[in-house]
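# Descriptive analysis of the structure
Given next are the chains, with one letter for each unit.
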Amino acid sequence: ARRASYRCLDAGENKNAKSIQNYKAVIEAEVEKISIEVISLLEKFLIPWAEHLFGGAKTEQNHGEVKRQGEAISFYYKMAGDHYRYLAEIFKTRKPEYTKKAQEAYVKAKELVTDYLPTTHPIRLGLMLNYSVYEHEIKQNKELACKVAKEAFDVA
């Protein structure tokens, strides 16, 4: 809801009015606080925990367990990428590290889903859709965004 409010304010005719600028600053601070909190939980606890459990090597004996762990860790990287993308949307050029961190998280998640999740898995499809939004909205690479989304749809 906060991101949607921000987009409405940012697109409005009077987006430079003092009251709108003040309210945008409030929303920016709230989104940043929440996203940083989520990212902190992911990076300090959930991703390290999942990586510790995640052996990565498939065998006949552990295939199901590796798949579940690959599912968890890919979801956590996707979630980190999403929250960095939210921050990159709002802070654009003021904080370019958010764009870089979103890219890194999405790339890691893409590697994992490619290796461990079927093409029709909801986490894999959600990741590819969100990554295409990142390419379109943040990187302004509309061609790659369409390619990513189309490939995910075609292989599913």
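A few points on the structure. (Residues numbered from 1 in each chain as written. Predicted model: local features only at pLDDT ≥ 70, side-chain atom pairs only at ≥ 80, totals over all residues. Heavy atoms only, no water.)

Tallied over the full model, the rule gives 13 salt bridges. With a shortest N-O distance of 3.6 Å, Lys92 and Asp10 are connected by a salt bridge. Of this pair, Lys92 sits in the loop between α3 (63-91) and α4 (97-116) while Asp10 sits in helix α1 (residues 2-11); the two residues are 82 residues apart in sequence, bridging distant segments of the chain. The class of Lys92 is partly exposed, set by a relative accessible area of 45%. Glu28 is the partner of Arg94 in a salt bridge, and the nearest nitrogen-oxygen pair spans 3.0 Å. Linking Arg94 in the loop between α3 and α4 with Glu28 in helix α2 (residues 18-53), this pair joins segments that are 66 residues apart in sequence. Residue classification places Glu28 among the buried residues on the basis of a relative accessible area of 12%. (Salt bridge = Lys/Arg side-chain N within 4 Å of Asp/Glu carboxyl O. Helix = DSSP H or I, 4+ residues; strand = E, 2+ residues; numbered from the N terminus. Buried < 20%, exposed > 50% of the residue type's maximum accessible area, 1.4 Å probe, protein only.)

Under the 1.5 Å per step criterion, the end-to-end length of α2 is 51 Å for 36 residues, consistent within 8% with the ideal 52 Å. Along its length, α2 reaches its greatest deviation from straightness, about 40 degrees, at Leu42. (Expected span 1.5 Å × (residues − 1). Bend = angle between axes of the 7 residues up to and from the residue.)

Turning our eyes to something else, we now look at the layout of surface pockets. Here the largest pocket defines a volume of roughly 200 Å³. Taken together, Arg3, Tyr6, Arg7, Asp10, Ala11, Arg85, Glu89, Ile90, Lys92, Glu137 and Ile138 make up the full set of residues lining the largest pocket. By residue number, the principal contributor to the lining of the largest pocket is α1, which donates five residues. By residue class, the composition of the lining of the largest pocket is four nonpolar, no polar and seven charged. (1 Å grid on protein atoms, 1.4 Å probe; cavity = no way out; pocket = protein on both sides within 12 Å on 5 of 7 lines; lining within 4 Å. Points joined across faces, edges and corners; volume = space filled by probe spheres on them. Nonpolar A, V, L, I, M, F, W, Y, C, P; charged D, E, K, R; others polar.)

Direction vectors running N to C along helix α5 (residues 122-138) and helix α6 (residues 142-155) enclose 170 degrees, while the axes themselves pass 7 Å from each other. One element, α5, and the other, α6, form an angle in the roughly antiparallel class. Taken together, the residues of α6 that come into contact with α5 (itself represented by Leu125, Met128, Tyr131, Ser132, Glu135 and His136) are Lys142, Leu144, Ala145, Val148, Ala149 and Ala152. Across the contact of α5 with α6, the residue classes tally to eight nonpolar, two polar and two charged. (Axes fitted to C-alpha atoms, helices over the stretch in contact; angles between N-to-C directions. Parallel < 35°, antiparallel > 145°, perpendicular 65-115°, else oblique. Contact = heavy atoms within 4.5 Å.)

On to the packing of α1 against α2. Relative to each other, α1 and α2 sit at 150 degrees, their axes nearing to 10 Å. The orientation of α1 relative to α2 falls into the category roughly antiparallel. The crossing of α1 and α2 is left-handed. Contacts between α1 and α2 pair Arg2, Arg3, Ser5, Tyr6, Leu9 and Asp10 from the former with Ile20, Tyr23, Lys24, Ile27, Glu28, Glu30, Val31 and Ile34 from the latter. Of the residues that constitute the contact of α1 with α2, the class distribution is seven nonpolar, one polar and six charged. (Left-handed = near helix turned anticlockwise from the far one by under 90°.)

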